[in-house]
Amino acid sequence: MSPSDRPVLRGERDQARHVVPAGTVSDRDRYDVIVVGAGIIGLSIAWRAAQTGCQVLVCDPDPGRGASWAAGGMLAPVAEAGFGEAALTMLALQAARAWPQFAADLEGATGRPLHYTTAGTLLVAGDPSDREALDRTLAYHVSLELAAERLTTRQARLMEPLVSPSISGGIMVPGDHHVDNRRVVESLIHAASDAGVIFLAEEVAAVTHDAGPTSGVRLADGRQFGSDAVVVAAGSRSGQIDGVAEADQPPVRPVRGVTLRLQADGAPQLTRTVRALVHGRSCYFVPRPDGGLVVGATVEERGFDLAVPLGGLGDLIADARRVIPAIDEYALVEVAPGLRPGTPDNGPIVGPTHTPGLLLATGHYRNGVLMAPLTADDVVTTLVGGIAADGPFANFRPGRFQSGDPGESKPHKAVG
Ligand SMILES: Cc1cc2nc3c(=O)[nH]c(=O)nc-3n(C[C@H](O)[C@H](O)[C@H](O)COP(=O)(O)OP(=O)(O)OC[C@H]3O[C@@H](n4cnc5c(N)ncnc54)[C@H](O)[C@@H]3O)c2cc1C
C-alpha cells in the first residue's frame, strides 16, 4: 500500500463512542474527524463519516446558513455545462447519479421529504439572439452526448403554460432535477446529530499540528480539539484558516449570488425548473410544492460583501417578469444573498493535501448542492479506505493549481 492509498484515520472505528450526549464537548475530547464548516458539503461529510463509525466534531458558528441556504437547489449537470469544461461536466453527471440514493437515505434517516424532483428542466430563450446562443449550447450538449431536445415556443408553453408567449423557443433537459436545498441542510443537521456527530457553534481559527501531521483545530476563543483528520469545508472562507501550509491553501474566492424567495399565494405555479437566457443574462425559477418559488440569481465578484445592490436585483426581477409574467401576482418573502466558493477553473477542490491528516472539500462554486453526495462519498472513502487514484475527483484534487496554468485541471498526485 503506498502512502497515498492509506486511510487517513488510524485504528478501528467504534460505533459505541457515538454515545456522547450533545453539549458535553470539552477540551479533553478527541475525535476521529473534525469538519470545519457546516454547509451542505461539511454536513454531508460529517453524516456519512458518522455512519461508518467515525466520531465526528463539526465546528461552525452558523450551521447551514451560508451559500447552501441561499441556493436554488438545482441539480443541473447539463444546463450548467460550460464550453471547454468537459471534465467538470462529467463529474457533475456522476454527482447527479449519486442523488437518488442520497435522497432516499436522508429521507429514510429523518422521515422528512426533501422534495427531490425529477421532472426535468426547461431552458427558454428571451429573444432570437438568445435562441442562437441556446442553439450553440444544444450543439455542445449533443457533442457530449447529453440528453437535450430542441423545442418550439409552442412546445415549451405546452410544458409550462406560465412561460411568456414572447419567448423564442427552448430546450428540454430531462436529466436536470432539483431538490429543496434548505430541507436538505436541515435534514442533514438532524441526521448527523442522530448518528452521533457533535456540533460546536464556534469558528475555527487554525488547524493545529503535531510536529508535521495535522493534530486538530484551535477555536477563535483559544480552545483546542484533537483529531486524526481535519476536513476544511468552510465554503468561500476555506482559504482563510490559519495553520494551513501555503502549498495546501485552496485558491477559493467568494462570488456573490442573490436569490429571491417568492410565494404563489394561490396564483398558478410552475411544475418544473425553468431556466432562461434574456439578452444574454441568465435567470432561473425553481418551484417548491408549498407554492414557494426560488428566483435566481445574480453573479457578482464583490469580495465578502453580502450587501444586495438594487442594480443587479433590478435586472434579475426585470428578466424574471419578462419570462414568467405571472410572478407579478407572487409575494416577495425573502431576498437571500450567499457567497459561492469559486475557484480558478470553476471545479471543486476535494481530497487530501500535502499535510497528512488535512483534507479539503471546497470550491464547489455553482454546483455544491449537486456535488454534496459525491463529495461526501469521496472524502469518507479517503478517510476510512484510502484515496482512490481514479475516483471521480481525480482531476479535482488539492494541489492542481500549484504548477502551470491555474485554468487547467491536472490530475492530483495524492500524498496521503
Ligand atoms: C445564490 C446562489 C444560488 C446557488 N444555486 C445553486 C444550485 O441551484 N445548485 C447547486 O448545486 N449549487 C448552487 N449554488 C452553489 C452552492 O450553494 C454552493 O456551492 C454550496 O452551498 C457550497 O457549500 P459549502 O458547504 O462549501 O459552503 P457554505 O454553504 O457557504 O458553508 C460554509 C460554512 O462554513 C462556515 N465557516 C466559514 N468559516 C468558518 C470557520 N473559520 N470555522 C468554522 N466554520 C466556518 C460558514 O459559517 C458556513 O456555514 C448556489 C449558490 C448561491 C450563492
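**Some remarks on unusual backbone geometry**
Phase 1 of the analysis: A cis geometry characterises the amide bond from G296 onward to A297, with omega recorded as -20°.
Phase 2 of the analysis: Of note in the backbone geometry, H115 takes a positive phi value of approximately 55° without being a glycine.
Phase 3 of the analysis: You can see H115 is positioned in the loop between α3 (86-110) and β4 (121-125).
Phase 4 of the analysis: Phi angles above zero are rare outside glycine, and H279 is one such case at about 50°.
Phase 5 of the analysis: Relative to the assigned elements, H279 resides in the loop between β13 (273-278) and β14 (281-287).

**Some remarks on helix α6 (residues 181-194)**
Phase 1 of the analysis: In a regular helix each residue adds 1.5 Å, so 14 residues correspond to 20 Å; α6 covers 20 Å between its end C-alpha atoms and thus fits that length.
Phase 2 of the analysis: The complete set of buried residues in α6 reads N181, R182, R183, V184, V185, S187, L188, A191 and A192.
Phase 3 of the analysis: Residue G196 follows α6 closely and has a positive phi angle near 105°.

**A word on the side chain of H141**
Phase 1 of the analysis: Within the fold, H141 resides in helix α4 (residues 128-143).
Phase 2 of the analysis: According to the relative accessible area criterion, H141 is buried, its value standing at 0%.
Phase 3 of the analysis: Apart from the residues lying within four places of it in its own chain, the contact partners of H141 are V78, A81, L146 and A148.

**A few points about the domain arrangement of the protein chain**
Phase 1 of the analysis: Per the domain assignment, the segments of the protein chain are domain 1 (1-116 + 178-252 + 344-416) and domain 2 (121-174 + 253-342).
Phase 2 of the analysis: Relative placement of domain 1 and domain 2: their C-alpha centres are 29 Å apart.
Phase 3 of the analysis: Contacts between the two partners involve 37 residues from domain 1 and, on the opposite side, 32 residues from domain 2.
Phase 4 of the analysis: Regarding the contact of domain 1 and domain 2, the summed buried area is about 2700 Å², with carbon and sulfur atoms giving 61% of it.

**Here we look at helix α7 (residues 310-323)**
Phase 1 of the analysis: The first and last C-alpha atoms of α7 sit 20 Å apart over 14 residues, in line with the 20 Å expected at 1.5 Å per residue.
Phase 2 of the analysis: Among the residues making up α7, those that are buried are L313, L316, D319, A320 and V323. Burial along α7 is one-sided: seen end-on, the buried residues are contained in an arc of 130°.
Phase 3 of the analysis: Those residues of α7 hidden inside the fold are in contact with β4, β12 (253-263), β13, β14, β15 (292-296) and β16 (331-342).

**Notes on the nonpolar core**
Phase 1 of the analysis: Among the nonpolar cores identified, the biggest contains 55 residues, and V35, V56, W99 and V184 are the most heavily contacted of them.
Phase 2 of the analysis: Every element with two or more residues in this core is listed here: β1 (30-36), α1 (40-51), β2 (56-59), α3, α6, β11 (224-232), β18 (358-362) and α8 (368-385).
Phase 3 of the analysis: The element that contributes the greatest number of residues to this core is α3, accounting for 10 residues.
Phase 4 of the analysis: Ignoring sequence-local partners within four residues, the contact set of V56 consists of Y31, V33, V35, A46, A49, A50, G196, V197 and I198.
Phase 5 of the analysis: Counting 28 residues, the second largest nonpolar core, distinct from the first, contains V124, L151, A264 and L293.

**Quick word on the site of the ligand**
Phase 1 of the analysis: What surrounds the ligand is a group of 38 residues, the closest being D60, S68, M74, V204 and Y365.
Phase 2 of the analysis: At 3.3 Å, a backbone N or O of I40 approaches an oxygen atom of the ligand.
Phase 3 of the analysis: In the model, an oxygen atom of the ligand is placed 2.5 Å from a nitrogen or oxygen of the S68 side chain.
Phase 4 of the analysis: Isolated, the ligand exposes 1000 Å² of accessible area, and the fraction of that covered by the protein chains is 94%.
Phase 5 of the analysis: Mapped by element, the contributors of at least two residues to the shell around the ligand are α1, α2 (67-70), β12, β16 and α8.
Phase 6 of the analysis: A per-class count over the shell around the ligand returns 19 nonpolar, 13 polar and 6 charged.
Phase 7 of the analysis: Looking at the shell around the ligand, you find at least three residues from each of domain 1 (1-116 + 178-252 + 344-416) and domain 2 (121-174 + 253-342).

Quick notes on the rules
Residues numbered from 1 in each chain as written. Predicted model: local features only at pLDDT ≥ 70, side-chain atom pairs only at ≥ 80, totals over all residues. Heavy atoms only, no water. Helix = DSSP H or I, 4+ residues; strand = E, 2+ residues; numbered from the N terminus. Expected span 1.5 Å × (residues − 1). Buried < 20%, exposed > 50% of the residue type's maximum accessible area, 1.4 Å probe, protein only. Contact = heavy atoms within 4.5 Å. Domains from an automatic or database assignment. Buried area = accessible area lost by both parts, 1.4 Å probe. Arc of directions from axis to C-beta. Core = buried A, V, L, I, M, F, W, Y, C linked by side-chain atoms within 4.5 Å. Near = heavy atom within 4 Å. Polar contact = N/O pair within 3.5 Å; in protein donor to acceptor, adjacent residues only side chain to side chain. Areas by Shrake-Rupley, 256 points an atom, 1.4 Å probe, with all protein chains shown as cover. Nonpolar A, V, L, I, M, F, W, Y, C, P; charged D, E, K, R; others polar.

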